[in-house]
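Here are the chains, one letter per residue:
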Amino acid sequence: MPPKVDVKTLAGKLDNAVKLLYELMEEFETIFSVKSEPKTLEAAFSLVETKYRLVKKQQETILDRLVDEGTGPEDELVLATKKAGDKTKADFLQITLKFAAYQKEQNSSENSNNATTLEALTLSMSSMTPAVQKMADNIGSKPSNSSLQRLPEPVWDGTRRTYATWKKEFSHWMKKYGQDKDEQLQRFRNAMPKGSFWTDQVKTCKTIDSAWIILDTEFADRRKLMDELHTEINNLKAVKRDSKSLTHSLRQ
C-alpha cells in the first residue's frame, strides 16, 4: 500500500495544478481573440476542461482528507481550498460560455452556407431541367439500333468523280444516326465496291480515320480529279469526231 501523502503536500500540488489551469485559460483567451480555426479553439478548450476536472478532483481529495482528520469547517486551509475551488469554477464557466457561444456562431454560419449552397443547387437544377428534357426528347426521337440495321449506308462506286460526294453523304449519315467509330468502320467496309483494289487496301484498317486517310490520299486530290475529267472530255470529243467522219463516209 503506497504511503499516505499529507495534506500540505496535496495543497502544494493543488497550487501547481491551478497555475497550469490558468495558463491554459490564458492560451484559450488568446486563441479566442484572434478568431483562430475552430479545431484549434476546440483543442484549447479540451485542455482547459481536462485540467479543470483534475483540479476539482484534487480539491475534493484535500477537503475529504481534512474532514477525516477532524479539521473544522472554519479551518484556514479548508476555507482557502473552498475559495480557490469557487474561483476556478467561476472562471471555467466563463470560458465554457465563450466556447459555447463560439460553437453556436460557427453552426449558424455553417447552416447559412449550406442553405446558400442548397439554393444555388436548386436554381442550377431548375435551369438544367429544360436542357435535360430536350436531351431526353432527342434521345427518344433517335432511331433504334434495329431500325439502323435496316437502313443501307451510301455505297461508293469506286470512281474518283463520285468520291467527294459519297464521303460527304456517308459522314452525314453516320453523324445523323449516332454511329460510333467501330460502327462507322464496319459500315465503311460494307460501302466499298466489291473486288476493288482500294477495298483490299482499307480492309486491314483498325480505325475509320486511318481508312479515310488511305482513300483521301488518292481520291481527294483535286489535281488528279481535274486530269481525269480533262481526259474524259478529250475522249468524248474524239468519239464525236469519229462519229461525224463515219457519218460523212456513209453518205458518200
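Residues numbered from 1 in each chain as written. Predicted model: local features only at pLDDT ≥ 70, side-chain atom pairs only at ≥ 80, totals over all residues. Heavy atoms only, no water.

As recorded in an unreviewed UniProt entry, the protein goes by the name Transcription activator GCR1-like domain-containing protein, listed as coming from Pocillopora meandrina.

1. What to know about a negative patch on the surface
Put simply, the test is: Residues enter patches when they are more than 30% accessible in relative terms and free of salt bridges; like-charged ones are connected within 9 Å and nonpolar ones (Val, Leu, Ile, Met, Phe, Trp, Tyr) within 5 Å. Values of accessible area rely on a 1.4 Å probe in the Shrake-Rupley scheme; residue burial ignores everything except the protein chains shown. What makes a salt bridge here is a side-chain nitrogen of Lys or Arg within 4 Å of a carboxyl oxygen of Asp or Glu, nothing more. Under the convention used here, Asp and Glu are negative, Lys and Arg are positive, and both His and the chain ends fall outside the count. Note on charges: their place is set at NZ of Lys, CZ of Arg, CG of Asp or CD of Glu. Only DSSP runs of H or I covering at least 4 residues are called helices, and only runs of E covering at least 2 are called strands; the numbering of each starts at the N terminus. Only protein chains enter the area calculation, which uses a 1.4 Å probe; residues under 20% of their type maximum are buried, those over 50% are exposed, and those in between are partly exposed.
Residues Asp 6, Glu 60, Asp 64, Asp 68 and Glu 69 make up a contiguous surface patch of negative charge. With respect to the helices and strands, the residue Asp 64 is situated in helix α2 (residues 38-68). A relative accessible area of 48% means that Asp 64 is categorised as partly exposed.

2. Details of the side chain of Glu 218
Here is the rule: Note on definitions: a residue-residue contact is assigned when non-hydrogen atoms from the two residues lie within 4.5 Å.
Relative to the elements of secondary structure, Glu 218 occurs in helix α8 (residues 208-219). Apart from residues no more than four positions distant in its own chain, Glu 218 is found in contact with Arg 160, Trp 198 and Lys 224.

3. Remarks on the environment of Ala 80
Structurally, Ala 80 can be placed in helix α3 (residues 76-141). Owing to a relative accessible area of 42%, Ala 80 belongs among the partly exposed residues under this scheme. C-alpha of Ala 80 to C-alpha of Ala 11: the two residues are 69 residues apart in sequence and 9.9 Å apart in space.

4. A few points about the nonpolar core
As a reminder of what qualifies: Buried residues of nine kinds, namely Ala, Val, Leu, Ile, Met, Phe, Trp, Tyr and Cys, make up a nonpolar core once their side-chain atoms join them within 4.5 Å.
Ranked by size, the top nonpolar core spans 25 residues in total, and within it Phe 28, Leu 41, Val 48 and Ile 62 carry the most contacts. When residues of this core are traced back to their parent elements, those giving at least two are α1 (7-33), α2 and α3. Here this core takes 12 residues from α1, the largest share from any one element. Sequence-distant contacts of Leu 41, that is, excluding residues within four places in its chain, are made with Phe 28, Ile 31, Phe 32, Phe 99 and Tyr 102. Within the second largest apolar cluster, 18 residues are counted, among which are Trp 156, Trp 173, Leu 185 and Met 192.

5. Here we look at the environment of Ile 214
In this structure, Ile 214 sits in helix α8. Between the C-alpha atoms of Ile 214 and Val 202, which are 12 residues apart in sequence, the distance is 7.1 Å. In this structure Ile 214 touches Trp 198, Gln 201, Val 202 and Cys 205, once residues within four positions along its chain are discounted.

6. Considerations on helix α5 (residues 160-176)
Spacing of three or four residues puts side chains on the same side of an α-helix, whose turn is 3.6 residues. For the record, the criterion: In this scheme, a helix's expected span is set at 1.5 Å multiplied by one less than its residue total. For a residue, the bend is simply the angle between two axes, fitted respectively to the seven-residue segment ending there and the seven-residue segment starting there.
The terminal C-alpha atoms of α5 lie 25 Å apart, and with 17 residues this matches the ideal 24 Å at 1.5 Å per residue to within 8%. At Trp 166, α5 is bent by approximately 25 degrees, the largest bend along its length. Two residues or fewer past α5, Gly 178 is found with a positive phi of approximately 60 degrees.

7. Some remarks on the packing of α5 against α8
Two quantities define a packed helix pair, namely the angle between the axes and the distance from one axis to the other. Definition in use: Comment: axis = line fitted to C-alpha atoms, over the contacting stretch for helices; angle = value between 0 and 180 degrees taken between N-to-C directions. In a left-handed crossing the near helix is turned counterclockwise from the far helix by less than a right angle, and in a right-handed crossing that turn is clockwise. Under the scheme applied here, ten amino acids are nonpolar (Ala, Val, Leu, Ile, Met, Phe, Trp, Tyr, Cys and Pro), four are charged (Asp, Glu, Lys and Arg), and all others, including Gly, are polar.
Running from N to C, α5 and α8 point in directions that differ by 145 degrees, and their axes come no closer than 10 Å. Read as a crossing pair, α5 and α8 show a hand that is left-handed. When α5 is examined against α8, the residues Arg 160, Tyr 163, Trp 166, Lys 167, Phe 170 and Ser 171 are found in contact with a partner set consisting of Trp 212, Leu 215, Asp 216, Glu 218 and Phe 219. Tallied by class, residues from the contact of α5 with α8 come to six nonpolar, one polar and four charged.

8. Some remarks on the packing of α5 against helix α6 (residues 181-191)
Running from amino to carboxyl end, α5 crosses α6 at an angle of 145 degrees, the nearest separation of the two axes being 11 Å. With respect to the hand of their crossing, α5 and α6 are arranged in right-handed fashion. Residues Trp 166, Phe 170, Trp 173 and Met 174 of α5 lie in contact with α6, whose contacting residues are Gln 184, Arg 187, Phe 188 and Ala 191. Counted by class, the contact of α5 with α6 contains six nonpolar, one polar and one charged residues.

9. What to know about the packing of aromatic side chains
Under the convention used in this document: Aromatic rings from Phe, Tyr and Trp, taking only the six-membered ring of Trp, are treated as a pair when their centres fall within 6.5 Å; an angle between ring planes under 30 degrees marks them as stacked, one over 60 as edge-to-face, and anything in between as tilted.
Summed over the entire model, instances satisfying the criterion amount to 22 aromatic pairs. Their ring planes at 50 degrees and their centres at 6.1 Å tell us that Tyr 163 and Trp 166 sit as a pair that is tilted. Here the residue Tyr 163 and the residue Trp 166 both occupy positions in helix α5, the gap between them amounting to three residues, near one helical turn. Trp 166 matches Tyr 163 in its accessibility class, with the two residues each being buried. Measuring from centroid to centroid gives 5.4 Å for Trp 166 and Trp 212, while their planes differ by 50 degrees, and the two rings are tilted.

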